[in-house]
Amino acid sequence: MRYIIATLGCKVNQYETQAMETFLRERGHVHAAAGESADAIIVNTCAVTAESGRKSRQLIRRLKDENPDAVVAVCGCYSQIEPEAVKELGADVIFGANNRKALVDAVEKAYLSGEGCRDIDEPFKRRVLEKLPAGAVSGRTRAMLKIQDGCVNFCTYCIIPYTRGRLRSLPIEDAVYETAKLNAEGFKEIILTGIEVASYGADLPDKPNLADVIVACAEAAPDMRIRLGSLEPTVITEDFCRRLAATGRMCRHFHLSLQSGCDRTLKAMNRKYDTAHFYSAVELLRKYFPNCGLTCDLITGFPGETDADQLETLDFIQKCAFSDMHIFPYSRRPGTPADSMPDQCTRAVKDARAHEAQRICERMHREFLDSCIGQTLPVLFETSEDGYFTGHSDTYVLVKAKGEALRGKTLDVRITAVDGEILLGELI
Ligand code: SF4
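Below, the structure is looked at part by part. In this text the structure is predicted, and so the values were computed from the model without any measurement.

What follows concerns the overall build of the protein chain. In terms of helices and strands, the protein chain carries 13 helices and 19 strands. Its C-alpha radius of gyration of 22 Å places the protein chain within 12% of the 22 Å reference for a compact globule of 428 residues. If one aligns the C-alpha atoms of the protein chain with their principal axes, the spans along those axes are about 60 × 60 × 45 Å. Of all intrachain contacts in the protein chain linking residues separated by at least 6 positions in sequence, the fraction that spans at least 24 positions is 73%. Of the accessible surface of the protein chain, which amounts to about 18000 Å², a share of 52% is contributed by carbon and sulfur atoms. Taken together, the 54 basic and 61 acidic charged side chains of the protein chain have centroids lying 1 Å from each other.

On to the nonpolar core. In this structure, Leu210, Ile214, Leu228, Ile236, Phe240 and Phe322 are the most contacted members of the largest nonpolar core, which totals 82 residues. Apart from residues no more than four positions distant in its own chain, Phe322 is found in contact with Leu258, Phe278, Leu294, Thr295, Cys296, Ile317, Met364 and His365. Grouped together as the second largest cluster of nonpolar side chains are 33 residues, Leu59, Leu89, Ile94 and Ala97 included.

The next thing to look at is the site of the ligand. The environment of the ligand is made up of Cys151, Asn153, Phe154, Cys155, Tyr157, Cys158, Ile160, Pro161, Glu196, Glu232 and Arg271. Within the shell around the ligand, the residues separate by chemical class into seven nonpolar, one polar and three charged.

Right, let's talk about a negative patch on the surface for a bit. A cluster of acidic residues, Asp263, Asp274, Glu312 and Asp315, forms a negative patch at the surface. Here Asp315 shows up in helix H12 (residues 307–320).

Burial of strand S11 (residues 225–228) is two-sided: the residues Arg225 and Arg227 facing one way and the residues Ile226 and Leu228 facing the other way are all buried. Bridging between strand S10 (residues 189–194) and S11 involves four bridges; their strand directions are parallel. Looking at S11, one finds that Leu192 is bridged to Leu228. Considered for its hand, the β-α-β crossover made up of S10, helix H8 (residues 210–220) and S11 is right-handed.

The next thing to look at is the sheet that holds strand S17 (residues 398–402). Ordered in space as S15-S16-S17-S19-S18, the five strands form a closed barrel in which the pairing is mixed. Averaged over all pairs of adjacent strands, the angle between strand axes in this sheet comes to 50°, irrespective of strand direction. Two elements, strand S15 (residues 376–385) and strand S18 (residues 410–419), share five bridges in a ladder whose sense is antiparallel. Across the sheet, the residue bridging to Thr376 is Arg414, located in S18.

Bringing helix H9 (residues 238–247) into the picture now. Here H9 has its buried residues at Phe240, Cys241, Leu244 and Thr247. Here the buried residues of H9 occupy an arc of 120° about the axis, which is enough to place them on one side. Note on H9: the residue one or two positions beyond its end, Gly248, has a positive phi of about 65°.

Read from one edge to the other, the open sheet built from three strands follows the order S12-S13-S14, with strand pairing classed as parallel. Every interior strand has two partners, whereas the edge strands, strand S12 (253–259) and strand S14 (324–329), have only one. Put simply, the sheet's adjacent strands are angled 15° from each other on average, direction ignored. In the sheet, S12 pairs with strand S13 (residues 293–300) via six bridges, with the strands oriented parallel.

This part is about the environment of Gln318. By secondary structure assignment, the location of Gln318 is in helix H12. Residue classification places Gln318 among the partly exposed residues on the basis of a relative accessible area of 35%. Along the backbone, Gln318 and Met364 are 46 residues apart, and their C-alpha atoms lie at a distance of 7.7 Å. For Gln318, the residues in contact, after removing those within four places along its chain, are Ile360, Arg363 and Met364. In this structure the side chain of Gln318 is engaged in a polar contact, spanning 3.0 Å, whose partner is the backbone oxygen of Leu314.

For the pair helix H11 (residues 275–288) and H12, interaxial distance at closest approach is 10 Å and the crossing angle is 15°. Regarding the angle of H11 to H12, the classification is roughly parallel. Crossing handedness for the pair H11 and H12: right-handed. Counting all contacts with H11, which are made through Thr275, Phe278, Tyr279, Val282 and Arg286, the residues of H12 involved are Phe316, Lys319 and Cys320. Broken down by class, the residue content of the contact of H11 with H12 amounts to five nonpolar, one polar and two charged.

Looking now at the packing of H9 against H11. Between H9 and H11, the least distance of the axes is 10 Å, while the angle of their chain directions is 25°. In terms of orientation, H9 and H11 fall into the roughly parallel class. Judged by the twist between their axes, the crossing of H9 over H11 is right-handed. When H9 is examined against H11, the residues Glu238, Cys241, Arg242 and Ala245 are found in contact with a partner set consisting of Leu284, Leu285, Lys287 and Tyr288.

Rules of the game
- Along each chain, residues carry numbers from 1 onward, in the same order as the chain's sequence is written.
- Reporting in this predicted model follows two pLDDT cut-offs: at least 70 for local features of residues, and 80 or more for side-chain atom pairs to be given and counted; totals over whole chains, interfaces and linings ignore these cut-offs and use all residues.
- To get the side-chain values, take all heavy atoms of the structure and skip hydrogens and water.
- Where helices and strands are cited, they refer to DSSP runs of H or I of at least four residues and of E of at least two residues respectively, numbered from the N terminus.
- Based on C-alpha atoms, the radius of gyration is set beside the globule rule, defined as 2.2 Å times the residue count to the power 0.38.
- Pairs of residues are marked as contacts when any of their non-hydrogen atoms sit within 4.5 Å.
- Areas reported here follow the Shrake-Rupley algorithm with a probe of radius 1.4 Å; residue values treat only the protein chains shown as occluding.
- Just so you know, the count uses Lys and Arg for positive and Asp and Glu for negative, and it drops His and the chain ends.
- Here the site of a charge means atom NZ of a Lys, CZ of an Arg, CG of an Asp or CD of a Glu.
- Throughout this description, the term nonpolar core refers to a set of buried Ala, Val, Leu, Ile, Met, Phe, Trp, Tyr and Cys residues connected via side-chain atoms within 4.5 Å.
- For every residue, the accessible area obtained with a 1.4 Å probe (protein chains only) is divided by the maximum for its type, and the residue is called buried under 20%, exposed over 50%, and partly exposed between those limits.
- A molecule or strand has a residue near it when one of that residue's heavy atoms lies within 4 Å.
- Just so you know the grouping, Ala, Val, Leu, Ile, Met, Phe, Trp, Tyr, Cys and Pro go in nonpolar, Asp, Glu, Lys and Arg go in charged, and all remaining residues, Gly too, go in polar.
- Within the patch definition used here, like charges are joined within 9 Å and nonpolar side chains (Val, Leu, Ile, Met, Phe, Trp, Tyr) within 5 Å, considering only residues with over 30% relative accessible area and no salt bridge.
- Counted as salt bridges are all cases of a side-chain nitrogen of Lys or Arg within 4 Å of a carboxyl oxygen of Asp or Glu.
- Strand pairing is assigned whenever DSSP detects at least two bridges linking the two strands.
- By convention a crossover is right-handed if, when the strands point away from the viewer, the path from the first strand over the helix to the second runs clockwise.
- Helix axes are fitted only over the stretch in contact, all axes being lines through C-alpha atoms; the angle between N-to-C directions runs from 0 to 180 degrees.
- To obtain the arc, one takes the directions from the helix axis to the C-beta atoms.
- Distance and chemistry together define a polar contact, namely a pair of N or O atoms within 3.5 Å, with one atom able to donate a hydrogen and the other to accept it when in protein, and with adjacent residues in sequence counting only for side-chain atoms on both sides.
- An angle counts as roughly parallel when it lies under 35 degrees, as roughly antiparallel when it exceeds 145, as roughly perpendicular when it falls between 65 and 115, and as oblique in every other case.
- Rotating anticlockwise by less than a right angle from the far helix to the near helix defines a left-handed crossing, while the corresponding clockwise rotation defines a right-handed one.

If you want it as structure tokens, here you go:
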């Protein structure tokens, strides 16, 4: 069977797609070559915003038009909440945000027998995390491991709890097994990810926490550095930072979910911290991981947000001095409490506030890159061109240096200059 698989959304969706591809390849199926028509298309959808729902529908339509005879399979968060809409687009196999292996079984069955199927489960009835094979992010250097799924924080703008369901964590022994396997396969970096990893272990019998699983993975992988996916600031404590720093293996880059720099707006979002708490997390990370890369997510134009609230947010992001930011104008999501809140901001206001934040972000990002000059950064080299090798520093910046056979090696580089988004340096 020749297949095409397309993914929208977060690292967890990307992880689940690589796992589905692993299942397909293990069964002898091949990815359709460019321009070649496919026997089956799989679209792994996203529903985090109304816009991502629109893009999911658009992608299904396009791939179906380009492969008119193919079995059409759709899964992910959008089909979890809108299975009827997906059916109307002509999908033969419709799954939600779970049961990835069963989806591949169903695609094979539909290809062989023409029999479609629909399996949309009840997210809050899910009890156990589906164990999926860990896999490569880029080449054979960086790999990803999903250690957690689900979220019960119910932020008022977010649909994820309704698609991903209750908390499920990968038991520590399984995380250690997968990590050791990746280490043995020669990977040099592992990204531990999930939907809301700060809640790792809350569903497991002996209630291990995120620091427990990170420390255990570090011990299981002597040759790999550890990078973390997006974090809720609530998990950043003195003990958490001390234990992670003591592993000596952490990438000094932390992506925190901020969303607003105004306490009144954070409350309306049902976020679990205020700006004082968030800032103490920033200070702790800088204490234990000096010169770390600190990035965040920010939503602008949340319902009820005033000009004064926006100014508070702009002041706060400058106080935190992020190395980079992901800025999103608030996008209404039917089915979330925020969607029916009064005082919805206009598109123009949301975009204007996003531009204001973006300008500050670009200045802070530039300052961060400039501050790297003279520093020595450990870089995991991944690609090469014209005698130069490029890779990611542990602080998650691209670094370029002259050298030979550096691919897959983590080496210290003294930074000498900044060239756009890339740091230039010399091997130590
Ligand atoms: S923490 Fe909030 S924003 Fe993140 S997935 Fe959970 S509900 Fe959504």
